[in-house]
Amino acid sequence: MWISELDIDEEVYNRDIMPELPEVETVRRGLRDFILNKKIVQVKIDENTTKAFQGKVNDVEEATVVEIRRRGKALLIDLSNGNTLMIHLRMTGQLIWRDARLVDAGIIRKESALQDGLDKLQFAAGHPSKNFMDDLPNKQTRVTFVFRKGKLFFNDQRKFGFVKVLPTEDVEREKFIAELAKEPWEMTAKELYEKCQRHSKAPIKVVVLDQKVIAGIGNIYADESLFYAGIHPARKAGELSEEQVGKILEGARKVMDESINSGGSTMATYVRPDGTTGDYLEMFAQVFRRDGKPCNRCGEIILKTKVGGRGTHYCPRCQERGEDGLSSRSTALTPPVRGSSTLSTAPLRSSESPCSSSTLKPSSATIPLEPGECEGEC
């Protein structure tokens, strides 16, 4: 039985899980095994979505991939001719590699996603969907990079993602890149604390989602890092001590490391060995999309609200607010209850370092969104 014949839960495919920094880092690492030092012989662009490819195909064809980097949520593929492919997955973007042996044979994989060695012939990451397993190209394929021994498909359901060709020397001057702040692994608690003071009236979640304050933290990891630190997401940033801000930063690093080390949103984590589909968030999420379920740490029911216009998940006990609006407890080091999923405290190898209360009232502060970003869950 082919994977396309399985009874797939379409709800899983339609969940708006935006690729965030760990997912892009997973793409970077995964693609190295397939396209590094390989020549791009042809670029095919979907004529109905020309905005998905910004640049000239002549600046890409016949060039060899010499390096694969990442800056924030942008993937940077350096070419031998002095140009770089800057790829942003936005909300529903995917990068899917298929070995020529699979493409030519017209098959993707059998009922198990990990059997018969087929996993060594393909790689898929980004927004989880059935494209990970379907025949490609399809109606969601925007750009196809043809290599001698395979194809790299850039798929994007909602058409917000893009591939931009620019001189490698201009990458750091590109507006999107130039405006990014330091990533969690590069920033100190003091630096983040000083930025919080400059945005003292804004909810802390709004602040940590601002890519000009700290780069790479999206909605998932904002919720998870604030839970780790025991900080209520709507608490004003200026009320926090440097120690509390340091806990948020520590939590961001840990939960993002955990996601990267678990494989992020890839085919391997999305398709279980029995051929059914899963959710990579199950591996590490303590609050995100766990509303209505008991907290792994204290047993209180996880709540969902909106802060800055974004879907927000939190534990009303671990992240409690007192009458004065301040958190009355710190739970950053309290271990989850037995049997729960836990955050890994093991650091990345240096070579792999990626450079009870009622529902709160929605905050009037809003988070500046990039084009194509979801205003709800993502």
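Q: Before we go on, may I ask you to explain the pairing of strand 5 (residues 83-88) in this structure?
A: Along any regular strand the residues' side chains alternate between the sheet's two faces. Most of strand 5 sits inside the fold, with six of its six residues counted as buried. Side chains Asn 83, Leu 85 and Ile 87 of strand 5 all project onto a buried face; the interleaved residues Thr 84, Met 86 and His 88 project onto the opposite face, where all are buried too. As judged from the five bridges shared by strand 4 (residues 74-79) and strand 5, these two strands associate in the antiparallel manner. Bridge pairing links Leu 76 to Met 86 in strand 5. Hairpin connection from strand 4 to strand 5: three residues lie between these consecutive antiparallel strands, with Gly 82 at a positive phi of about 90°. Pairing between strand 5 and strand 10 (residues 162-167): six bridges, direction antiparallel. From the neighbouring strand, His 88 faces strand 10, where its bridge partner is Phe 162.

Q: How do you make sense of the side chain of Glu 224 when you look at a structure like this?
A: Note on placement: Glu 224 falls in helix 7 (residues 219-229). As a buried residue without a salt bridge, Glu 224 has its nearest oppositely charged side chain in Arg 290, at a separation of 7.5 Å. Sequence-distant contacts of Glu 224, defined by excluding residues within four places in its chain, comprise Val 255, Phe 284, Ala 285, Gln 286, Val 287 and Phe 288.

Q: So what exactly am I meant to see when it comes to the pattern of salt bridges here?
A: Opposite charge on two side chains allows them to pair when their charged atoms are near. A complete count under the given rule lists 18 salt bridges for this structure. Lys 39 is paired through a salt bridge with Glu 62; the nearest N and O atoms lie 3.7 Å apart. Residue Lys 39 is found in strand 1 (residues 39-45), and its partner Glu 62 is found in the loop between strand 2 (53-54) and strand 3 (63-71); the two are separated by 23 residues along the sequence. Residue classification places Lys 39 among the partly exposed positions, given a relative accessible area of 29%.

Q: Can you help me understand the confidence of the model for the protein in this one?
A: For the protein, the mean per-residue pLDDT works out to 78, and 71% of the residues sit at or above 70. No element of the protein has a lower mean pLDDT than helix 1 (residues 10-13), at 34, and none a higher one than helix 5 (residues 189-198), at 98. Long-range and interchain partners of residues 109-115, a stretch whose pLDDT sits below 50, account for 26 contacts in this model, where long-range means more than four residues apart. In this model residues 322-353 is a low-confidence stretch, pLDDT under 50, and it forms 59 contacts with partners more than four residues away in sequence or in other chains.

Basis of the calculations
- Residues numbered from 1 in each chain as written.
- Predicted model: local features only at pLDDT ≥ 70, side-chain atom pairs only at ≥ 80, totals over all residues.
- Heavy atoms only, no water.
- Buried < 20%, exposed > 50% of the residue type's maximum accessible area, 1.4 Å probe, protein only.
- Helix = DSSP H or I, 4+ residues; strand = E, 2+ residues; numbered from the N terminus.
- Pairing = 2+ DSSP bridges.
- Lys, Arg positive; Asp, Glu negative; His and termini not counted.
- Salt bridge = Lys/Arg side-chain N within 4 Å of Asp/Glu carboxyl O.
- Contact = heavy atoms within 4.5 Å.
- pLDDT = per-residue confidence, 0-100.

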